[in-house]
Structure formats: structure tokens, C-alpha cells
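An overview of the molecular structure
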Amino acid sequence: RSILMIYRNIKKNLPKNLEAHKDERGEIFDIFYKVNIEHVAIIDSKPNTLRGNHYHKKSNQYTYILSGSFEVLLAPSDQPANVKKVVVRAGEMISIPSGVIHQFKAVERAVMIEMDTESREGSGYEDDLFRVNIEYNQWYKSLKIDLDI
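This section reports on the structure supplied with the text.

Scoring rules and cut-offs
Residues numbered from 1 in each chain as written. Predicted model: local features only at pLDDT ≥ 70, side-chain atom pairs only at ≥ 80, totals over all residues. Heavy atoms only, no water. Helix = DSSP H or I, 4+ residues; strand = E, 2+ residues; numbered from the N terminus. Buried < 20%, exposed > 50% of the residue type's maximum accessible area, 1.4 Å probe, protein only. Core = buried A, V, L, I, M, F, W, Y, C linked by side-chain atoms within 4.5 Å. Contact = heavy atoms within 4.5 Å. Phe/Tyr/Trp six-rings, centres within 6.5 Å; stacked < 30°, edge-to-face > 60°.

**Notes on unusual backbone geometry**
A positive phi is found at N48, a non-glycine position, where the angle reads about 65°. Tracing the sequence through the fold places N48 in the loop between strand 4 (39-45) and strand 5 (50-56). The exposed category is assigned to N48, whose relative accessible area is 53%. In this structure, N53 takes a positive phi of about 65° despite not being glycine. Relative to the helices and strands, N53 resides in strand 5.

This is the structure:
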């Protein structure tokens, strides 16, 4: 399994099917169309804190950074040593498919909106969440490719 993620600045790199509108009041940028979102959360992280360290069997995750930045480590769940890193900053979004281990480290105080294709209601989230026990520094040392864009 490979890591097939989408990483983009929503204001600069709009896919062809998405639109941007600008007038005297400001701007509107489409994030995506026709995605079944079952859960949305705002996550506020203090500097150097870790989030994630798990993967989802069914859910795809879309994360939009409102402020600050995160180092994100990613690896296929069946190849956890095949680690890649991307730094996502305010105004950028990363899409993480099911089956990809993901861990976010706040570089500074950072806020994200997380959107998931599976519900977190009741036990839904925990039923689809598979925690991994990978220590950040150990995982970071096995980094294969740095995708710092």
C-alpha cells in the first residue's frame, strides 16, 4: 500500500472542479465537492504536542489548517517503516486515506479543522481507529522522504 495523499494550498492550487469567488466583500474558496463528511471537529494544539499515531480502516480524513503549522508523519499501515513527512501550514489542507498511519506534531500553537468520512458518534470512531505505538523521534529517524513543500 502506498501513501496517496492530497496536499495543497486551497487558495493557490484549486483543482479544476473547484471554484474561487472574489468580490468587494472578500473571497470564497471551495474545499471539495461530493465528499460524504460524517464528522467535523476543531482541534487546538499547543506547541510540540502530538496528535494521531493511528490509522483508520474505513474513514478518510481531511485536515485544513486554520493557524500555525504541523509536521505530519505518514506511513502505510502495512509498511510502518516507509515514513514520509509533510509540513502543513495555515491555509493548507491534507487528505489522508484510510489505512495510512498519521501523526501530527504542532510546530507552534496550531488549530485545524478535521473532517472524517465515518461517524464518530457512539463507538463509531473507536471501532474504526487502530492505534499504533510508534514514538515520534524513533519514527522520525526512519524517515524515507521529506515532502516539506
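**Things to note about the nonpolar core**
As a rule of thumb, nonpolar side chains are buried together in soluble globular proteins. With 14 residues, the main nonpolar core has F70, V72, L74, V88, I94 and F104 as its most contacted residues. Listed by contribution, the elements that provide at least two residues to this core are strand 7 (69-76), strand 8 (83-89), strand 9 (92-96), strand 10 (100-106) and strand 11 (110-116). Leave out the neighbours within four places in its chain, and V72 touches K84, K85, V86, V88, I94, Q103 and F104.

**Looking at the packing of aromatic side chains**
Pairs of aromatic rings are described using the distance from one ring centre to the other and the angle between the two planes. For the coordinates displayed, the defined rule picks out 2 aromatic pairs. With a centroid separation of 5.3 Å and 20° between ring planes, the pair formed by Y55 and F130 is classed as stacked. Residue Y55 is located in strand 5, and its partner F130 is located in strand 12 (residues 129-131); the two are separated by 75 residues in the primary sequence. By relative accessible area, which is 31% here, F130 ends up partly exposed. For the pair F70 and F104, a centre-to-centre distance of 5.7 Å together with 90° between the ring planes defines the contact as edge-to-face. One end of the pair, F70, is in strand 7; the other, F104, is in strand 10, with 34 residues separating them in the sequence. What makes F70 buried here is its relative accessible area of 0%.

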